[in-house]
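# Working through the structure, step by step
What follows is the residue order along each chain.
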Amino acid sequence: NDDFIAVFAAGNDGAGGSTKSIDTPGTAKNVIAVGASQSSGRDLYQNMLGENYLMEVSSRGPTVDGRIKPDIVAPGYLLSAKG
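Notes on the structure in this doc start here. Predicted, not measured: the structure shown is a model, and the values here were computed from it.

### Quick notes on the sheet that holds strand 2 (residues 31–37)
In spatial order, the strands read 1-2-3; together these 3 strands make up an open sheet with parallel pairing. Lying at the two open borders of the sheet, with one neighbouring strand each, are strand 1 (6–9) and strand 3 (72–75). Taken over all neighbouring pairs, the strand axes of this sheet differ in orientation by 35 degrees on average, direction set aside. Across 4 bridges, strand 1 lies against strand 2 in parallel orientation. Across the sheet, the residue bridging to Ala-6 is Val-31, located in strand 2.

Quick look at the structure:
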């Protein structure tokens, strides 16, 4: 359907930074797969490098047919609403 867009989490199978860990439904045609980035600022700890890096467990591509995934990332670890 041209008027519909599906958005799915990339998944949590990227342990150790393994590639080709993204799976269905994130690999489906015309689907936006969302990965989780690391935290930033005061929420950084241990070996985190910042929000420009995927969380270790966030699934990642390339897909089996070579497409780059995830399509977009959003903060996904140690989110804090306090000031």
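### Notes on the pairing of strand 2
By the criterion of burial, strand 2 is predominantly enclosed, with 5 of the 7 residues buried. Inspection of the sheet shows strand 2 paired to strand 3 by 4 bridges, in the parallel sense. Opposite Gly-35, over in strand 3, you have Val-73 as the bridge partner.

What counts, and where the lines are drawn
Residues numbered from 1 in each chain as written. Predicted model: local features only at pLDDT ≥ 70, side-chain atom pairs only at ≥ 80, totals over all residues. Heavy atoms only, no water. Pairing = 2+ DSSP bridges. Helix = DSSP H or I, 4+ residues; strand = E, 2+ residues; numbered from the N terminus. Axes fitted to C-alpha atoms, helices over the stretch in contact; angles between N-to-C directions. Buried < 20%, exposed > 50% of the residue type's maximum accessible area, 1.4 Å probe, protein only.

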